[in-house]
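# Examining the three-dimensional arrangement
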Amino acid sequence: MSDQNKDATTTTATTEVEGTWYFEKETELWQGQRFGLRVTAKLDDVHSEFQHIQVFDTATYGRLLVLDGVIQLTQRDEYCYSEQMAHIPLFAHANPERVCIIGGGDGAILTQVLQHTAVKKVTMCEIDKGVVEYSRKHFPEFAGSFDDARTTLLFADGAAFLRNHKDHFDVVIVDSSDPIGPAETLFEESFFATVRDALRADGILCTQGESLHLHQELIARLVSFASTIFTHAVYASTMIPTYPGGQIGHVICGRGSQSPAVPQRTPSAETLLKPDALRYYTAEMHRASFVLPAQLTRLLDAEKQ
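Residues numbered from 1 in each chain as written. Predicted model: local features only at pLDDT ≥ 70, side-chain atom pairs only at ≥ 80, totals over all residues. Heavy atoms only, no water.

## Focus on the overall build of the chain
Along the chain, the regular secondary structure elements total nine helices and 14 strands. Taking 305 residues into account, the globule formula puts the C-alpha radius of gyration at 19 Å, and the chain, at 19 Å, falls close to it. Out of the 305 residues belonging to the chain, those deemed buried represent 56%. When contacts within the chain are restricted to residue pairs at least 6 apart in sequence, those whose partners lie at least 24 apart make up 66%. When the accessible area of the chain is evaluated, it comes to approximately 12900 Å², of which 49% is carbon and sulfur surface. (Helix = DSSP H or I, 4+ residues; strand = E, 2+ residues; numbered from the N terminus. Rg over C-alpha atoms; globule rule 2.2 N^0.38 Å. Buried < 20%, exposed > 50% of the residue type's maximum accessible area, 1.4 Å probe, protein only. Contact = heavy atoms within 4.5 Å. Areas by Shrake-Rupley, 256 points an atom, 1.4 Å probe, with all protein chains shown as cover.)

In structure tokens form, the structure reads like this:
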């Protein structure tokens, strides 16, 4: 199963490695473009029950995790996404004791969530055991989060789990793949309603929200229907070089009266175990993430009318 000693040159059905370069596959969500990284070794190349899992060492971005031909994280820039996905919703909540993570099998977001001293219990629903297995093997910086006493790891369908836990969580984080195939259901109104019902009265949802450069109509649709389900629904932006367009977004929804665009708490020795370990998130970045380009702002405003 491991290709530790093989040369990096190969071709698979979902990923292209040309010489010493890995190229992310072109999909209908980013037509006409591919992102590439120079790789120095292929560490694993396996098919789980659900998807194609690949792990590479790269020349300049550390270790690289690829699922079905799409970059999930690199050690160099994963913190941009994982910090924002975890800390925006958690700091937008006054006392986030119970957290649910849907997906996130690499453990990066879980690691960030467990930094919060207020968090008493985290339930992670990851459908693919293989992602957790190979993340434990190749990304030791996240492995400890799976064994934290506050973590309950379930290999289960996240939507089905949430339907059985009404009014239970303070924060739900959905680290979904792109809305193609099975993950498409996580971008539908019915799923957002399921999450709302699983949240407490002041609960907050944070879900992967695609790129403002490539998916503005999708973003507008998500924010529009989410606004009919939650009291607040807003889009936050994060810069990350290895995601399509160099940017990724988060749709943040709240049941309470306070907008999640405004932090209720700030990083400190009281709120985080290691506040000095943050590399992206700050209270100022929290607020700034909701300041959007004019074109997208107009589109979102038009959808509200």
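Now that the structure has been shown, the text picks up again.
## Considering the environment of H138
The topology assignment puts H138 in helix 3 (residues 129–138). Among the residues examined, H138 registers a relative accessible area of 4% and is labelled buried. For the pair H138 and I252, spaced 114 residues apart in sequence, the C-alpha to C-alpha distance is 31 Å. Not counting chain neighbours up to four residues away, the residues in contact with H138 comprise L43, D44, V55, R63 and Q75.

## Brief notes about a negative patch on the surface
A cluster of acidic residues, E28, E184, E188 and E189, forms a negative patch at the surface. Among the secondary structure elements, E188 is positioned in the loop between strand 11 (169–175) and helix 6 (189–198). (Patch = residues over 30% accessible without salt bridge, like charges linked within 9 Å, V, L, I, M, F, W, Y side chains within 5 Å. Salt bridge = Lys/Arg side-chain N within 4 Å of Asp/Glu carboxyl O. Lys, Arg positive; Asp, Glu negative; His and termini not counted. Charge placed at Lys NZ, Arg CZ, Asp CG, Glu CD.)

## Some words on the nonpolar core
Core analysis: the biggest nonpolar cluster contains 44 residues, and Y22, V99, I101, I109, V113, V122 and I173 have the highest contact counts within it. Residue contacts for I101: discarding those within four places in its chain leaves I109, L110, V113, V122, T123, M124, C125 and I173. The next biggest cluster of nonpolar side chains, apart from the first, holds 35 residues, and it includes A193, L222, V223 and L292. (Core = buried A, V, L, I, M, F, W, Y, C linked by side-chain atoms within 4.5 Å.)

## Describing helix 1 (residues 78–91)
The end-to-end C-alpha distance of helix 1, which contains 14 residues, comes to 19 Å, matching closely the 20 Å that a straight helix rising 1.5 Å per residue would cover. Where burial is concerned, most of helix 1 is hidden: 14 out of the 14 residues are buried. (Expected span 1.5 Å × (residues − 1).)

## Details of the side chain of S176
Along the chain, S176 falls in the loop between strand 11 and helix 6. A relative accessible area of 9% places S176 in the buried class. The residues contacting S176, other than those within four sequence positions of it, are L186, F187, T207 and Q208.

## Brief notes about the sheet that holds strand 13 (residues 232–239)
An order of 10-9-8-11-12-14-13 is seen for the seven strands of this open sheet, with the pairing classed as mixed. Here the strands that pair on one side only, and so sit at the sheet edges, are strand 10 (151–154) and strand 13. In this sheet, neighbouring strand axes are inclined to one another by 15 degrees on average, regardless of whether the strands run parallel or antiparallel. Pairing between strand 13 and strand 14 (residues 247–254): eight bridges, direction antiparallel. Its bridge partner lying in strand 14, Y235 is registered against V251. Docked against the sheet, helix 1 engages strand 8 (98–103), strand 11, strand 12 (199–210), strand 13 and strand 14, running at close to 155 degrees with respect to strand 11. (Pairing = 2+ DSSP bridges. Axes fitted to C-alpha atoms, helices over the stretch in contact; angles between N-to-C directions.)

## Focus on the pattern of salt bridges
A full pass over the atoms with the stated rule returns ten salt bridges. We note a salt bridge from K137 to D44, for which the minimum N-O separation is 2.9 Å. One end of the pair, K137, is in helix 3; the other, D44, is in strand 4 (residues 36–47), and 93 residues separate them in sequence. Here D148 makes a salt bridge to R150, at a shortest N to O gap of 3.2 Å.

## Quick word on helix 7 (residues 216–229)
Count 3.6 residues to each turn of an α-helix, and residues three or four apart come out pointing the same way. Compared with the 20 Å implied by 1.5 Å per residue over 14 residues, the 20 Å span of helix 7 between its first and last C-alpha is a close match. Every buried residue of helix 7 is accounted for by Q216, L218, I219, A220, L222, V223, F225, A226 and I229. Where the residues of helix 7 are buried, they touch helix 6, strand 12, strand 13, strand 14 and helix 9 (294–304).

## Quick notes on the packing of aromatic side chains
The final tally for this structure, using the stated rule, is seven aromatic pairs. Residues F91 and Y281 carry aromatic rings whose centres are separated by 5.2 Å and whose planes lie at 10 degrees to one another, so their mutual orientation is stacked. Placement of F91 in helix 1 and of Y281 in the loop between strand 14 and helix 8 (283–288) is noted, with a sequence separation of 190 residues between them. Judged by relative accessible area, F91 falls into the buried class, the value being 0%. The exposure class of Y281 is buried, given its relative accessible area of 2%. When the centroid spacing of 6.1 Å and the interplanar angle of 45 degrees are considered together, the rings of F161 and F169 count as tilted. In this structure, F161 and F169 share a single accessibility class: buried. (Phe/Tyr/Trp six-rings, centres within 6.5 Å; stacked < 30°, edge-to-face > 60°.)

Any functional reading would require information beyond the geometric quantities listed.
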